[in-house]
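A look at the structure
Here is what each chain is made of, one letter per residue.
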Amino acid sequence: MSKNDKIYKTSIGGQAVIEGVMMRGPETIATAVRKPDNEIIVDTQKIGKVRKSKFLKLPIIRGCVNFIDSMVIGVKSLMFSAKFFDVDDDGNQIEEEPGRFEKWLNEKLGSEKALNAVIYLSVVFSVCLSVGLFILLPAWLAGFIENFTDSHALYIATEGAVRIILFVLYLFLVSQMKDIKRVFMYHGAEHKTIHCYEHREELTVENVRKHTRLHPRCGTSFLLIVMVISIVIFFFIRFDNIFLRLLSRLVLIPVVAGISYEIIKFAGRHDNWFTKIISYPGMLFQYITTREPDDSQIEVSIASIKAVIPDEAGSDKW
């Protein structure tokens, strides 16, 4: 048996949150947070039957569903972690007066439904902002090159280059924020912990610490592959009208996301020269979006993954 055959490829994945880590397993979602008093608290919830539907697991479709589902779960986990840090200098919880919009939602829907409404509105806003910044804006900016050439290939190349430049610039600027640097440390802890679990080692701080903070199934790699795949697909779609061109970008987003997910899934299951080439650019970007964690952050990540490891061995295979 080769060395690579000994590595267990798990479907467990996660996300860094405020002073914590969210992990998602086949049956459970867990968010572990280190509170200001240094206590680690773990919130768990079972994955609903809808998410287990066979239709939603079909190739291409599962990529689109997972993308939106991950954003919803991510927002919920962020909101859970954030509530522990609305404290004053004495460590007392700060009770903020709800705004007019929150009051209106609470009156019309009730507190629980209002919270869900805020979560889904946040996801819609995030998706619209991302699509506008990384899909529509590059397509519009690249249109200026048509004043100098009629080459469709050059237009697509320019659009792709602008998209990647905006993405890199965004990551770089965000990475300079003090609070985000700590989030990126928890991101590194998440990757290290998953590596440790995949190597079938005991989940201890010492074992986790020795692993790399880069992982081929990271969301950063997924976003980069989305951009590359969009260049390929958009090359075959040509409209002279700018509005039809922008509309085609919107319509094809699910297709691009679905294909990109399948590529990430393939790269995560195999370890050869081809998958290494596919994964390499995304792994480089993870030097920006992850940082080496300290032991206390690793402890939080371990608490999170332990809460989602299934009882049935092998049921979390990637």
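Predicted, not measured: the structure shown is a model, and the values here were computed from it. Along each chain, residues carry numbers from 1 onward, in the same order as the chain's sequence is written. Given that the model is predicted, a residue must reach a pLDDT of at least 70 before its local features are reported, and side-chain atom pairs must reach 80 or more before they are shown or counted; all residues, however, enter totals for whole chains, interfaces and linings. The side-chain numbers reported here are obtained from all heavy atoms of the structure, hydrogens and water having been left aside.

Take the buried residues of types Ala, Val, Leu, Ile, Met, Phe, Trp, Tyr and Cys, join any two whose side-chain atoms come within 4.5 Å, and each joined set is a nonpolar core. Think of it in three bands: with a 1.4 Å probe and only protein chains considered, a residue is buried below 20% of the maximum accessible area for its type, exposed above 50%, and partly exposed in between. Membership of the largest hydrophobic core comes to 20 residues, with the highest contact counts inside it found for M23 and I305. The numbering of helices and of strands both runs from the N terminus, where a helix is a DSSP run of H or I of at least 4 residues and a strand a run of E of at least 2. Counting residues per element, the ones that place at least two in this core are strand 2 (20-24), strand 3 (28-34), helix 5 (178-198), helix 6 (205-209) and helix 10 (295-306). Residue contributions to this core peak at five residues, all from helix 5. A142, I233, F234 and Y261 belong to the second largest nonpolar core, which has 18 residues in total.

Turning next to the sheet that holds strand 1 (residues 13-17). Strand order in the open sheet formed by four strands is 1-2-3-4, with antiparallel pairing between adjacent strands. Two strands close off the open sheet at either side, each with one partner strand: strand 1 and strand 4 (40-46). Between one strand axis and the next, the sheet turns through 15 degrees on average, direction left out of account. Helix-sheet contacts for helix 5 involve strand 1, strand 2 and strand 3, and the interaxial angle to strand 1 is about 160 degrees. For two strands to count as paired, DSSP must find a minimum of two bridges between them. Note on method: axes are straight lines fitted to C-alpha atoms, helices fitted across the in-contact stretch only, with angles between N-to-C directions ranging 0 to 180 degrees. Contacts are residue-level and defined by heavy atoms, with any inter-residue pair within 4.5 Å sufficient.

As for its position among the elements, E299 is in helix 10. Those residues in contact with E299 that sit more than four places away from it in its chain are R34, I40 and V205.

What follows covers the confidence of the model for the chain. pLDDT: the predictor's confidence for each residue, scored from 0 to 100. Across the chain, the average pLDDT comes to 85, with 86% of residues at or above 70. Scored below 50 in pLDDT, residues 1-5 makes two contacts in the model with residues more than four places away or belonging to other chains. Counted against residues more than four places away or in other chains, residues 87-95, with its pLDDT under 50, gives eight contacts.

Before going further, it helps to spend a moment on the environment of G63. If you trace the backbone, G63 turns up in helix 1 (residues 61-82). Overall, G63 belongs to the buried group, its relative accessible area being 1%. Separated by 191 residues in the primary sequence, G63 and P254 place their C-alpha atoms 8.1 Å from one another. In this view, G63 contacts A257, G258 and Y261; residues no more than four positions away in its chain are not counted.

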